[in-house]
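# Overview (structure and organization)
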Amino acid sequence: MTLDQPPERKPVAVPVPERPRRFLEAVRAMQGNALALLPKIAFTQAIVSGHVVRRFHMVMDPPSLKRILKDAAADYPKSEEAQAMLRPALGNGLFLAEGAHWRWQRRAAMPVFAPRNLTALTPVMTEAAEASCRRIAARPGRQDMYQEMLQTAFEVIAAVSMSEDTAIPREVAHRAIDRYLETAGKASLLDILKVPAFVPRPKRVVGKAIIADLIRATDKAVEARMGREPADPPPLLDLLIGASDPETGRTMTAEELRDNLLTFLVAGHETTALTLSWALYLVAFDPAVQERARTEAREVLGDRPAGAEDVANLPYIRQILLETMRLYPPVAILSRTAMKPDQLRDREVRAGDVMLLPFYALHRSEVLWDDPNGFDPDRFADPKAIDRYAFLPFGAGPRVCLGMDFAMQEAVIVLATMLARFRFTAIPGRDPEPVMILSLRPKGGVWLDVEPV
Ligand code: HEM
(Lines give C-alpha, C1' and ligand atoms only; values in the text may rest on other atoms or scores of the structure.)
Protein backbone atom coordinates (compact mmCIF):
# COMPACT_ATOMS: atom_id res chain seq x y z
CA MET A 1 0.00 0.00 0.00
CA THR A 2 1.38 3.42 -0.86
CA LEU A 3 1.48 6.16 1.78
CA ASP A 4 -0.95 8.58 0.17
CA GLN A 5 -3.83 6.07 0.30
CA PRO A 6 -6.07 5.47 3.26
CA PRO A 7 -5.13 1.94 4.40
CA GLU A 8 -8.68 0.61 4.16
CA ARG A 9 -8.97 1.25 0.42
CA LYS A 10 -8.64 -2.03 -1.48
CA PRO A 11 -9.10 -3.01 -5.10
CA VAL A 12 -12.33 -4.79 -6.01
CA ALA A 13 -12.76 -8.36 -4.72
CA VAL A 14 -15.42 -11.06 -4.75
CA PRO A 15 -17.68 -10.55 -1.70
CA VAL A 16 -17.25 -13.39 0.79
CA PRO A 17 -20.31 -14.04 3.00
CA GLU A 18 -19.78 -13.84 6.77
CA ARG A 19 -21.84 -16.96 7.46
CA PRO A 20 -21.69 -20.16 5.38
CA ARG A 21 -24.31 -20.24 2.62
CA ARG A 22 -27.02 -22.88 2.58
CA PHE A 23 -26.73 -25.37 -0.30
CA LEU A 24 -29.29 -23.91 -2.70
CA GLU A 25 -28.23 -20.38 -1.85
CA ALA A 26 -24.62 -21.33 -2.71
CA VAL A 27 -25.70 -22.99 -5.96
CA ARG A 28 -27.65 -19.89 -6.97
CA ALA A 29 -24.68 -17.62 -6.20
CA MET A 30 -22.31 -19.90 -8.11
CA GLN A 31 -24.40 -19.63 -11.26
CA GLY A 32 -23.50 -15.95 -11.48
CA ASN A 33 -19.93 -16.31 -10.24
CA ALA A 34 -18.11 -19.59 -9.59
CA LEU A 35 -15.99 -17.89 -6.91
CA ALA A 36 -19.12 -17.55 -4.77
CA LEU A 37 -18.32 -21.18 -3.95
CA LEU A 38 -15.51 -20.04 -1.66
CA PRO A 39 -16.41 -19.86 2.03
CA LYS A 40 -14.70 -17.40 4.38
CA ILE A 41 -12.58 -20.20 5.89
CA ALA A 42 -10.97 -20.85 2.49
CA PHE A 43 -8.95 -17.67 3.12
CA THR A 44 -7.69 -18.79 6.53
CA GLN A 45 -7.51 -22.58 6.38
CA ALA A 46 -5.10 -24.92 4.55
CA ILE A 47 -7.74 -27.38 3.32
CA VAL A 48 -11.54 -27.16 3.38
CA SER A 49 -13.30 -30.49 2.83
CA GLY A 50 -16.95 -31.18 2.23
CA HIS A 51 -19.48 -33.41 0.59
CA VAL A 52 -22.05 -32.37 -1.98
CA VAL A 53 -22.73 -35.49 -3.97
CA ARG A 54 -19.05 -36.35 -4.10
CA ARG A 55 -16.47 -35.68 -1.44
CA PHE A 56 -14.38 -32.64 -2.29
CA HIS A 57 -11.32 -30.86 -0.90
CA MET A 58 -10.41 -27.22 -1.54
CA VAL A 59 -6.64 -27.05 -1.21
CA MET A 60 -4.88 -23.80 -0.24
CA ASP A 61 -1.81 -25.48 1.31
CA PRO A 62 1.47 -25.07 -0.65
CA PRO A 63 3.00 -28.51 0.21
CA SER A 64 -0.27 -30.29 -0.68
CA LEU A 65 -0.50 -28.31 -3.94
CA LYS A 66 3.04 -29.41 -4.76
CA ARG A 67 2.00 -33.02 -4.22
CA ILE A 68 -1.14 -32.75 -6.39
CA LEU A 69 0.41 -30.77 -9.25
CA LYS A 70 3.94 -32.15 -9.28
CA ASP A 71 5.11 -35.02 -7.06
CA ALA A 72 2.01 -37.21 -7.47
CA ALA A 73 0.65 -35.53 -10.63
CA ALA A 74 -0.08 -38.88 -12.32
CA ASP A 75 -2.47 -39.80 -9.47
CA TYR A 76 -4.37 -36.51 -9.83
CA PRO A 77 -5.36 -36.12 -13.51
CA LYS A 78 -7.53 -33.27 -14.78
CA SER A 79 -11.13 -33.99 -13.84
CA GLU A 80 -13.33 -35.51 -16.55
CA GLU A 81 -16.14 -33.01 -15.96
CA ALA A 82 -13.77 -30.07 -16.42
CA GLN A 83 -12.42 -31.68 -19.61
CA ALA A 84 -15.90 -32.32 -20.98
CA MET A 85 -16.77 -28.67 -21.28
CA LEU A 86 -13.66 -27.82 -23.30
CA ARG A 87 -13.55 -30.95 -25.44
CA PRO A 88 -16.00 -29.74 -28.14
CA ALA A 89 -13.53 -26.94 -28.93
CA LEU A 90 -10.13 -28.34 -28.01
CA GLY A 91 -10.62 -32.01 -28.94
CA ASN A 92 -7.75 -34.14 -27.75
CA GLY A 93 -5.15 -31.40 -28.18
CA LEU A 94 -2.36 -30.55 -25.80
CA PHE A 95 -4.52 -28.99 -23.09
CA LEU A 96 -6.83 -31.98 -22.66
CA ALA A 97 -4.81 -35.04 -23.72
CA GLU A 98 -3.40 -37.39 -21.08
CA GLY A 99 -0.57 -39.96 -21.02
CA ALA A 100 1.58 -40.70 -24.04
CA HIS A 101 -0.64 -38.69 -26.40
CA TRP A 102 -0.18 -35.59 -24.23
CA ARG A 103 3.55 -36.18 -23.83
CA TRP A 104 4.44 -36.19 -27.51
CA GLN A 105 2.24 -33.21 -28.32
CA ARG A 106 3.89 -31.26 -25.50
CA ARG A 107 7.33 -32.23 -26.76
CA ALA A 108 6.35 -31.22 -30.30
CA ALA A 109 5.11 -27.78 -29.28
CA MET A 110 7.80 -27.02 -26.71
CA PRO A 111 10.51 -25.67 -29.07
CA VAL A 112 8.11 -22.95 -30.18
CA PHE A 113 8.20 -21.53 -26.65
CA ALA A 114 11.95 -21.93 -26.08
CA PRO A 115 13.69 -18.65 -25.13
CA ARG A 116 15.53 -18.19 -28.45
CA ASN A 117 12.31 -18.67 -30.38
CA LEU A 118 10.48 -16.27 -28.08
CA THR A 119 12.95 -13.53 -29.00
CA ALA A 120 12.14 -14.16 -32.65
CA LEU A 121 8.40 -13.81 -31.90
CA THR A 122 8.79 -10.52 -30.04
CA PRO A 123 8.44 -8.17 -33.07
CA VAL A 124 4.84 -9.38 -33.39
CA MET A 125 4.21 -8.31 -29.78
CA THR A 126 5.87 -4.91 -30.32
CA GLU A 127 3.81 -4.36 -33.45
CA ALA A 128 0.57 -5.28 -31.65
CA ALA A 129 1.45 -2.87 -28.79
CA GLU A 130 2.04 -0.07 -31.32
CA ALA A 131 -1.22 -0.81 -33.13
CA SER A 132 -3.09 -0.76 -29.82
CA CYS A 133 -1.55 2.63 -28.91
CA ARG A 134 -2.66 4.00 -32.29
CA ARG A 135 -6.25 2.83 -31.70
CA ILE A 136 -6.29 4.30 -28.18
CA ALA A 137 -4.86 7.62 -29.36
CA ALA A 138 -7.53 7.84 -32.07
CA ARG A 139 -10.34 7.83 -29.47
CA PRO A 140 -8.97 9.71 -26.44
CA GLY A 141 -11.10 9.82 -23.29
CA ARG A 142 -13.26 7.13 -21.80
CA GLN A 143 -12.72 3.63 -23.16
CA ASP A 144 -13.09 -0.04 -22.28
CA MET A 145 -9.54 -1.33 -21.95
CA TYR A 146 -10.76 -4.94 -21.61
CA GLN A 147 -12.09 -4.93 -25.19
CA GLU A 148 -8.88 -3.22 -26.35
CA MET A 149 -6.67 -5.82 -24.64
CA LEU A 150 -8.73 -8.70 -26.11
CA GLN A 151 -8.07 -7.32 -29.58
CA THR A 152 -4.35 -6.81 -28.90
CA ALA A 153 -3.80 -10.29 -27.43
CA PHE A 154 -5.71 -11.89 -30.28
CA GLU A 155 -3.54 -10.12 -32.85
CA VAL A 156 -0.43 -11.52 -31.17
CA ILE A 157 -1.59 -15.12 -30.87
CA ALA A 158 -3.07 -15.16 -34.39
CA ALA A 159 0.13 -13.76 -35.91
CA VAL A 160 2.39 -16.29 -34.19
CA SER A 161 0.08 -19.21 -34.90
CA MET A 162 -0.62 -18.83 -38.61
CA SER A 163 0.94 -17.25 -41.66
CA GLU A 164 -0.83 -14.20 -43.05
CA ASP A 165 -2.21 -16.07 -46.04
CA THR A 166 -4.16 -18.45 -43.81
CA ALA A 167 -5.15 -16.02 -41.04
CA ILE A 168 -8.56 -16.59 -39.48
CA PRO A 169 -10.66 -13.40 -39.42
CA ARG A 170 -10.45 -11.89 -35.95
CA GLU A 171 -14.20 -11.32 -35.67
CA VAL A 172 -14.96 -15.00 -36.44
CA ALA A 173 -12.45 -16.26 -33.89
CA HIS A 174 -13.07 -13.75 -31.19
CA ARG A 175 -16.87 -13.95 -31.22
CA ALA A 176 -16.83 -17.74 -31.29
CA ILE A 177 -14.29 -18.15 -28.48
CA ASP A 178 -16.04 -15.62 -26.28
CA ARG A 179 -19.50 -17.19 -26.69
CA TYR A 180 -18.10 -20.65 -26.29
CA LEU A 181 -16.26 -19.94 -23.05
CA GLU A 182 -19.27 -18.13 -21.67
CA THR A 183 -21.70 -20.97 -22.33
CA ALA A 184 -19.32 -23.84 -21.66
CA GLY A 185 -18.12 -22.29 -18.44
CA LYS A 186 -21.52 -21.67 -16.89
CA ALA A 187 -22.43 -24.21 -14.25
CA SER A 188 -19.26 -26.17 -14.87
CA LEU A 189 -18.40 -26.25 -11.18
CA LEU A 190 -21.80 -27.68 -10.46
CA ASP A 191 -20.94 -30.50 -12.85
CA ILE A 192 -17.51 -31.00 -11.30
CA LEU A 193 -19.12 -31.32 -7.87
CA LYS A 194 -21.68 -33.72 -9.38
CA VAL A 195 -24.59 -31.55 -8.28
CA PRO A 196 -27.65 -33.46 -9.55
CA ALA A 197 -29.34 -32.39 -12.78
CA PHE A 198 -32.56 -31.30 -11.02
CA VAL A 199 -30.69 -28.36 -9.48
CA PRO A 200 -31.38 -25.44 -11.83
CA ARG A 201 -28.53 -24.60 -14.19
CA PRO A 202 -28.06 -21.41 -16.20
CA LYS A 203 -28.99 -21.73 -19.85
CA ARG A 204 -26.29 -23.80 -21.50
CA VAL A 205 -25.84 -24.52 -25.15
CA VAL A 206 -22.47 -26.15 -25.18
CA GLY A 207 -21.38 -27.75 -28.35
CA LYS A 208 -19.78 -27.44 -31.67
CA ALA A 209 -22.62 -25.28 -33.06
CA ILE A 210 -21.30 -22.17 -31.36
CA ILE A 211 -17.84 -22.61 -32.76
CA ALA A 212 -18.75 -24.21 -36.10
CA ASP A 213 -17.49 -21.18 -38.08
CA LEU A 214 -14.23 -21.13 -36.17
CA ILE A 215 -13.67 -24.87 -36.63
CA ARG A 216 -14.33 -24.50 -40.37
CA ALA A 217 -11.89 -21.57 -40.62
CA THR A 218 -9.24 -23.47 -38.64
CA ASP A 219 -9.67 -26.57 -40.81
CA LYS A 220 -9.14 -24.40 -43.88
CA ALA A 221 -5.97 -22.90 -42.38
CA VAL A 222 -4.60 -26.39 -41.65
CA GLU A 223 -5.49 -27.71 -45.11
CA ALA A 224 -3.82 -24.72 -46.79
CA ARG A 225 -0.51 -25.31 -44.99
CA MET A 226 -0.22 -29.11 -44.97
CA GLY A 227 2.33 -30.39 -47.48
CA ARG A 228 3.77 -26.88 -48.00
CA GLU A 229 7.26 -25.63 -47.12
CA PRO A 230 7.27 -23.91 -43.70
CA ALA A 231 7.15 -20.11 -43.84
CA ASP A 232 10.14 -18.11 -42.57
CA PRO A 233 9.98 -17.57 -39.63
CA PRO A 234 7.70 -20.58 -39.21
CA PRO A 235 4.42 -19.89 -37.39
CA LEU A 236 3.23 -22.33 -34.75
CA LEU A 237 1.04 -24.24 -37.21
CA ASP A 238 4.00 -24.92 -39.55
CA LEU A 239 6.11 -26.12 -36.60
CA LEU A 240 3.36 -28.50 -35.50
CA ILE A 241 2.99 -29.81 -39.07
CA GLY A 242 6.73 -30.57 -39.07
CA ALA A 243 6.74 -32.21 -35.60
CA SER A 244 6.91 -35.98 -35.20
CA ASP A 245 6.65 -38.37 -32.27
CA PRO A 246 10.23 -39.30 -31.36
CA GLU A 247 9.11 -42.84 -30.47
CA THR A 248 6.91 -43.76 -33.42
CA GLY A 249 7.85 -41.10 -35.98
CA ARG A 250 4.20 -40.30 -36.61
CA THR A 251 3.11 -36.75 -37.41
CA MET A 252 -0.13 -34.98 -36.44
CA THR A 253 -3.29 -35.65 -38.39
CA ALA A 254 -5.28 -32.68 -39.77
CA GLU A 255 -7.70 -33.07 -36.88
CA GLU A 256 -4.94 -33.05 -34.26
CA LEU A 257 -3.42 -29.98 -35.89
CA ARG A 258 -6.77 -28.21 -35.73
CA ASP A 259 -7.29 -29.18 -32.06
CA ASN A 260 -3.90 -27.77 -31.16
CA LEU A 261 -4.29 -24.60 -33.20
CA LEU A 262 -7.59 -23.95 -31.41
CA THR A 263 -5.92 -24.81 -28.09
CA PHE A 264 -3.36 -22.04 -28.62
CA LEU A 265 -5.97 -19.53 -29.78
CA VAL A 266 -8.21 -20.23 -26.77
CA ALA A 267 -5.51 -20.72 -24.08
CA GLY A 268 -3.31 -17.86 -25.18
CA HIS A 269 -5.79 -15.15 -26.00
CA GLU A 270 -8.14 -14.32 -23.15
CA THR A 271 -5.76 -15.17 -20.28
CA THR A 272 -3.16 -12.62 -21.41
CA ALA A 273 -5.83 -10.02 -22.21
CA LEU A 274 -7.28 -10.46 -18.71
CA THR A 275 -3.89 -9.98 -17.05
CA LEU A 276 -3.34 -6.75 -18.98
CA SER A 277 -6.88 -5.47 -18.34
CA TRP A 278 -6.71 -6.09 -14.58
CA ALA A 279 -3.21 -4.52 -14.51
CA LEU A 280 -4.60 -1.36 -16.12
CA TYR A 281 -7.46 -1.32 -13.60
CA LEU A 282 -4.92 -1.61 -10.75
CA VAL A 283 -2.54 1.11 -11.97
CA ALA A 284 -5.54 3.44 -12.32
CA PHE A 285 -6.58 2.40 -8.79
CA ASP A 286 -3.13 3.37 -7.45
CA PRO A 287 -1.76 6.43 -9.32
CA ALA A 288 1.52 6.36 -7.35
CA VAL A 289 2.28 2.85 -8.65
CA GLN A 290 1.33 4.03 -12.15
CA GLU A 291 3.70 7.01 -11.95
CA ARG A 292 6.60 4.83 -10.77
CA ALA A 293 5.93 2.34 -13.59
CA ARG A 294 5.74 5.17 -16.14
CA THR A 295 9.06 6.59 -14.97
CA GLU A 296 10.66 3.15 -15.44
CA ALA A 297 9.08 2.68 -18.87
CA ARG A 298 10.04 6.15 -20.12
CA GLU A 299 13.61 5.82 -18.87
CA VAL A 300 14.07 2.55 -20.73
CA LEU A 301 11.98 3.27 -23.84
CA GLY A 302 11.79 7.02 -24.40
CA ASP A 303 9.30 7.28 -27.27
CA ARG A 304 9.84 3.88 -28.83
CA PRO A 305 7.75 0.76 -28.15
CA ALA A 306 9.23 -2.03 -26.01
CA GLY A 307 11.13 -4.86 -27.72
CA ALA A 308 12.80 -8.11 -26.65
CA GLU A 309 15.94 -6.36 -25.42
CA ASP A 310 13.93 -4.15 -23.02
CA VAL A 311 12.06 -6.82 -21.09
CA ALA A 312 14.89 -7.51 -18.59
CA ASN A 313 15.14 -3.76 -17.88
CA LEU A 314 11.49 -3.35 -16.85
CA PRO A 315 11.41 -5.17 -13.47
CA TYR A 316 8.73 -2.98 -11.86
CA ILE A 317 6.36 -3.52 -14.81
CA ARG A 318 6.88 -7.28 -14.33
CA GLN A 319 6.18 -6.96 -10.58
CA ILE A 320 2.90 -5.16 -11.35
CA LEU A 321 1.88 -8.02 -13.65
CA LEU A 322 2.72 -10.67 -11.05
CA GLU A 323 0.81 -8.80 -8.35
CA THR A 324 -2.10 -8.47 -10.80
CA MET A 325 -2.20 -12.24 -11.31
CA ARG A 326 -2.03 -12.76 -7.55
CA LEU A 327 -5.17 -10.66 -7.02
CA TYR A 328 -6.97 -11.69 -10.22
CA PRO A 329 -5.57 -15.03 -11.44
CA PRO A 330 -7.11 -15.50 -14.93
CA VAL A 331 -7.39 -19.23 -14.18
CA ALA A 332 -8.84 -18.79 -10.69
CA ILE A 333 -9.71 -22.44 -9.90
CA LEU A 334 -8.32 -25.69 -11.32
CA SER A 335 -9.80 -29.10 -10.59
CA ARG A 336 -8.33 -32.59 -10.44
CA THR A 337 -9.66 -36.05 -9.56
CA ALA A 338 -7.91 -38.25 -6.99
CA MET A 339 -7.29 -41.68 -8.53
CA LYS A 340 -5.80 -43.27 -5.39
CA PRO A 341 -6.20 -42.92 -1.63
CA ASP A 342 -3.81 -40.31 -0.22
CA GLN A 343 -3.18 -38.21 2.87
CA LEU A 344 -2.87 -34.42 2.63
CA ARG A 345 -2.01 -32.89 6.02
CA ASP A 346 -4.72 -34.22 8.36
CA ARG A 347 -7.11 -35.07 5.49
CA GLU A 348 -7.84 -38.50 4.15
CA VAL A 349 -8.26 -38.39 0.38
CA ARG A 350 -10.23 -41.26 -1.20
CA ALA A 351 -10.15 -42.41 -4.82
CA GLY A 352 -12.79 -40.43 -6.73
CA ASP A 353 -12.61 -37.33 -4.51
CA VAL A 354 -12.80 -33.99 -6.29
CA MET A 355 -9.79 -31.75 -5.69
CA LEU A 356 -10.49 -28.04 -6.12
CA LEU A 357 -7.42 -25.82 -6.35
CA PRO A 358 -8.77 -22.29 -5.83
CA PHE A 359 -5.80 -20.09 -6.69
CA TYR A 360 -7.98 -17.04 -5.99
CA ALA A 361 -8.19 -18.07 -2.30
CA LEU A 362 -4.56 -19.31 -2.18
CA HIS A 363 -3.35 -15.93 -3.47
CA ARG A 364 -5.43 -14.06 -0.87
CA SER A 365 -4.77 -16.42 2.04
CA GLU A 366 -4.41 -14.58 5.35
CA VAL A 367 -1.92 -17.23 6.45
CA LEU A 368 0.40 -16.88 3.46
CA TRP A 369 0.29 -13.15 2.61
CA ASP A 370 0.54 -9.85 4.52
CA ASP A 371 -2.38 -7.57 3.70
CA PRO A 372 -3.66 -10.20 1.22
CA ASN A 373 -6.30 -7.98 -0.40
CA GLY A 374 -4.01 -4.97 -0.83
CA PHE A 375 -2.26 -4.06 -4.10
CA ASP A 376 1.51 -3.97 -3.51
CA PRO A 377 3.79 -4.85 -6.46
CA ASP A 378 6.81 -4.59 -4.14
CA ARG A 379 6.03 -7.98 -2.63
CA PHE A 380 7.44 -9.41 -5.89
CA ALA A 381 10.64 -7.34 -5.71
CA ASP A 382 12.54 -10.46 -4.65
CA PRO A 383 10.93 -13.43 -6.46
CA LYS A 384 12.88 -15.85 -4.22
CA ALA A 385 10.93 -14.54 -1.22
CA ILE A 386 7.70 -16.05 -2.62
CA ASP A 387 6.92 -19.73 -1.96
CA ARG A 388 6.65 -21.38 -5.41
CA TYR A 389 3.43 -23.16 -4.41
CA ALA A 390 1.79 -20.11 -2.79
CA PHE A 391 1.60 -18.33 -6.16
CA LEU A 392 0.30 -20.46 -9.04
CA PRO A 393 -1.20 -18.32 -11.82
CA PHE A 394 0.33 -20.64 -14.44
CA GLY A 395 -0.16 -23.90 -12.50
CA ALA A 396 2.91 -26.07 -11.82
CA GLY A 397 4.45 -29.48 -12.45
CA PRO A 398 4.32 -31.33 -15.77
CA ARG A 399 1.12 -29.56 -16.89
CA VAL A 400 2.44 -26.05 -16.11
CA CYS A 401 1.37 -23.48 -18.69
CA LEU A 402 3.37 -23.93 -21.86
CA GLY A 403 2.87 -20.29 -22.80
CA MET A 404 4.05 -18.83 -19.46
CA ASP A 405 7.19 -17.04 -20.72
CA PHE A 406 5.42 -16.06 -23.92
CA ALA A 407 2.55 -14.48 -21.94
CA MET A 408 4.90 -12.63 -19.57
CA GLN A 409 6.98 -11.33 -22.47
CA GLU A 410 3.88 -10.10 -24.27
CA ALA A 411 2.34 -8.53 -21.16
CA VAL A 412 5.55 -6.64 -20.21
CA ILE A 413 5.93 -5.30 -23.76
CA VAL A 414 2.31 -4.14 -24.06
CA LEU A 415 1.99 -2.67 -20.55
CA ALA A 416 5.34 -0.80 -20.69
CA THR A 417 4.58 0.65 -24.13
CA MET A 418 1.16 1.85 -22.98
CA LEU A 419 2.28 3.34 -19.67
CA ALA A 420 5.07 5.25 -21.41
CA ARG A 421 2.47 6.95 -23.61
CA PHE A 422 -0.82 7.25 -21.71
CA ARG A 423 -2.19 8.10 -18.29
CA PHE A 424 -5.05 5.87 -17.10
CA THR A 425 -7.53 7.29 -14.59
CA ALA A 426 -10.32 5.44 -12.78
CA ILE A 427 -13.91 6.58 -13.38
CA PRO A 428 -15.87 6.83 -10.10
CA GLY A 429 -18.70 4.30 -9.99
CA ARG A 430 -17.36 2.28 -12.94
CA ASP A 431 -15.23 -0.31 -11.12
CA PRO A 432 -15.30 -3.74 -12.78
CA GLU A 433 -16.75 -6.68 -10.86
CA PRO A 434 -14.54 -9.81 -10.70
CA VAL A 435 -16.65 -12.68 -12.01
CA MET A 436 -15.39 -16.16 -12.77
CA ILE A 437 -17.07 -18.02 -15.59
CA LEU A 438 -14.19 -20.13 -16.87
CA SER A 439 -11.72 -17.33 -16.44
CA LEU A 440 -11.76 -14.41 -13.97
CA ARG A 441 -13.30 -11.60 -16.02
CA PRO A 442 -13.95 -7.92 -15.23
CA LYS A 443 -17.73 -7.78 -15.52
CA GLY A 444 -18.78 -4.46 -17.04
CA GLY A 445 -15.37 -4.02 -18.69
CA VAL A 446 -12.39 -1.96 -17.54
CA TRP A 447 -13.57 1.57 -18.32
CA LEU A 448 -10.86 4.19 -17.80
CA ASP A 449 -10.18 7.80 -18.80
CA VAL A 450 -7.15 7.69 -21.06
CA GLU A 451 -5.02 10.71 -22.00
CA PRO A 452 -1.64 10.97 -23.70
CA VAL A 453 1.29 12.01 -21.47
C1 HEM B 1 -1.40 -14.75 -18.43
C2 HEM B 1 -1.63 -15.68 -19.31
C3 HEM B 1 -1.83 -17.14 -19.03
C4 HEM B 1 -2.24 -17.77 -17.87
C5 HEM B 1 -2.59 -17.13 -16.54
C6 HEM B 1 -2.26 -19.20 -18.16
C7 HEM B 1 -2.60 -20.17 -17.23
C8 HEM B 1 -2.50 -21.53 -17.46
C9 HEM B 1 -2.71 -22.56 -16.46
C10 HEM B 1 -3.09 -22.30 -15.00
C11 HEM B 1 -2.50 -23.76 -17.04
C12 HEM B 1 -2.53 -25.12 -16.36
C13 HEM B 1 -3.83 -25.84 -16.53
C14 HEM B 1 -3.90 -27.12 -15.72
O15 HEM B 1 -2.91 -27.53 -15.12
O16 HEM B 1 -4.99 -27.71 -15.69
C17 HEM B 1 -2.18 -23.51 -18.44
C18 HEM B 1 -1.91 -24.49 -19.37
C19 HEM B 1 -1.64 -24.23 -20.70
N20 HEM B 1 -1.45 -22.99 -21.28
FE21 HEM B 1 -1.56 -21.21 -20.35
N22 HEM B 1 -1.88 -19.40 -19.47
C23 HEM B 1 -1.60 -18.18 -20.02
C24 HEM B 1 -1.15 -17.93 -21.32
C25 HEM B 1 -0.92 -18.90 -22.26
C26 HEM B 1 -0.43 -18.64 -23.60
C27 HEM B 1 -0.06 -17.26 -24.16
C28 HEM B 1 -0.39 -19.85 -24.25
C29 HEM B 1 0.02 -20.19 -25.64
C30 HEM B 1 0.45 -19.37 -26.53
C31 HEM B 1 -0.83 -20.86 -23.30
C32 HEM B 1 -0.91 -22.22 -23.56
C33 HEM B 1 -1.17 -23.18 -22.62
C34 HEM B 1 -1.19 -24.61 -22.93
C35 HEM B 1 -0.93 -25.26 -24.29
C36 HEM B 1 -1.48 -25.28 -21.72
C37 HEM B 1 -1.61 -26.78 -21.51
C38 HEM B 1 -0.27 -27.36 -21.14
C39 HEM B 1 -0.32 -28.85 -20.87
O40 HEM B 1 -1.35 -29.36 -20.40
O41 HEM B 1 0.70 -29.49 -21.11
N42 HEM B 1 -1.14 -20.25 -22.10
N43 HEM B 1 -2.17 -22.14 -18.67
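Residues numbered from 1 in each chain as written. Predicted model: local features only at pLDDT ≥ 70, side-chain atom pairs only at ≥ 80, totals over all residues. Heavy atoms only, no water.

### Overview of the layout of surface pockets
Where empty space is left in the structure can be found by rolling a water-sized probe over the atoms. In this structure, the largest pocket occupies an estimated 640 Å³ of space. Of all the secondary structure elements, the ones that give two or more residues to the lining of the largest pocket are helix 5 (115-138) and helix 6 (145-161). Tallying contributions element by element places helix 5 first for the lining of the largest pocket, with eight residues. Counted by class, the lining of the largest pocket contains 17 nonpolar, two polar and five charged residues. (1 Å grid on protein atoms, 1.4 Å probe; cavity = no way out; pocket = protein on both sides within 12 Å on 5 of 7 lines; lining within 4 Å. Points joined across faces, edges and corners; volume = space filled by probe spheres on them. Helix = DSSP H or I, 4+ residues; strand = E, 2+ residues; numbered from the N terminus. Nonpolar A, V, L, I, M, F, W, Y, C, P; charged D, E, K, R; others polar.)

### Here's the deal with the nonpolar core
Burial of nonpolar side chains together is a common tendency in soluble globular proteins. One finds Met145, Ile317 and Phe424 to be the most contacted residues of the largest nonpolar core, which totals 144 residues. Ranked by the residues each element gives to this core, the list is headed by helix 11 (residues 254-285), at 17 residues. Contacts of Met145, omitting those with residues within four sequence positions, involve Ile136, Ser277, Leu280, Met418, Phe424, Val446, Leu448 and Val450. (Core = buried A, V, L, I, M, F, W, Y, C linked by side-chain atoms within 4.5 Å. Buried < 20%, exposed > 50% of the residue type's maximum accessible area, 1.4 Å probe, protein only. Contact = heavy atoms within 4.5 Å.)

### Some remarks on the packing of helix 12 (residues 287-301) against helix 15 (residues 404-421)
It is the contact of helix 12 with helix 15, at a shortest axis distance of 8 Å, that shows an interaxial angle of 100°. Between helix 12 and helix 15, the angle falls in the class roughly perpendicular. From helix 12, Gln290, Ala293, Arg294, Ala297, Arg298 and Leu301 reach across to helix 15, where they touch Ala416, Thr417, Leu419 and Ala420. Of the residues that constitute the contact of helix 12 with helix 15, the class distribution is six nonpolar, two polar and two charged. (Axes fitted to C-alpha atoms, helices over the stretch in contact; angles between N-to-C directions. Parallel < 35°, antiparallel > 145°, perpendicular 65-115°, else oblique.)

### Focus on the sheet that holds strand 2 (residues 55-59)
Whether parallel or antiparallel, the strands of a sheet pair through hydrogen bonds between backbone atoms. Taken in spatial order, the four strands of this open sheet run 1-2-7-4, and their pairing is mixed. Edge positions in the sheet fall to strand 1 (47-51) and strand 4 (333-337), since each has one partner strand and no second. Here the average twist between neighbouring strands, direction ignored, is 20°. Both strand 1 and strand 2 contribute to a ladder of five bridges, which runs antiparallel. Counted as the bridge partner of Ile47 is Val59 from strand 2. Its contacts with the sheet place helix 2 (residues 62-71) against strand 1, strand 2, strand 4 and strand 7 (354-358), and it is angled at close to 120° to strand 7. (Pairing = 2+ DSSP bridges.)

### Digging into the site of the ligand
Around the ligand, 27 residues are found, and the nearest of them are Trp102, Arg106, Arg336, Arg399 and Cys401. Within the side chain of Lys78, one N or O atom sits 3.3 Å away from an oxygen atom of the ligand. Contributions of two or more residues to the shell around the ligand are made by helix 4 (99-109), helix 11, strand 4 and helix 15. Top contributing element to the shell around the ligand by residue count: helix 11, with six residues. (Near = heavy atom within 4 Å. Polar contact = N/O pair within 3.5 Å; in protein donor to acceptor, adjacent residues only side chain to side chain.)

### A closer look at the environment of Pro62
Inspection of the secondary structure assignment puts Pro62 in helix 2. Overall, the relative accessible area of 7% leaves Pro62 in the buried class. In the structure, Pro62 is positioned 300 residues away from Leu362 in sequence and 8.5 Å away in space, judged by C-alpha atoms. Not counting the four nearest positions on each side in its chain, Pro62 is found in contact with Leu368, Asp387, Tyr389 and Ala390.

### What to know about the pattern of salt bridges
Enumeration according to the criterion identifies 27 salt bridges in this entry. Where Glu270 meets Arg441, a salt bridge forms, and the shortest distance between an N and an O atom there is 2.6 Å. A residue pair is termed long-range when its members are at least 10 positions apart, and Glu270 in helix 11 and Arg441 in strand 10 (residues 440-443) qualify at 171 residues. Taking relative accessible area as the criterion, Arg441 reaches 9% and is therefore assigned buried. The salt bridge partner of Arg304 is Asp310, with a shortest N-O separation of 2.9 Å. By relative accessible area, Asp310 is classed as buried at 3%. Among the charged side chains, a network of salt bridges with common partners joins Arg135, Arg139, Glu148 and Glu155. (Salt bridge = Lys/Arg side-chain N within 4 Å of Asp/Glu carboxyl O.)

In short, the description is geometric, and any link to function would need to be established separately.
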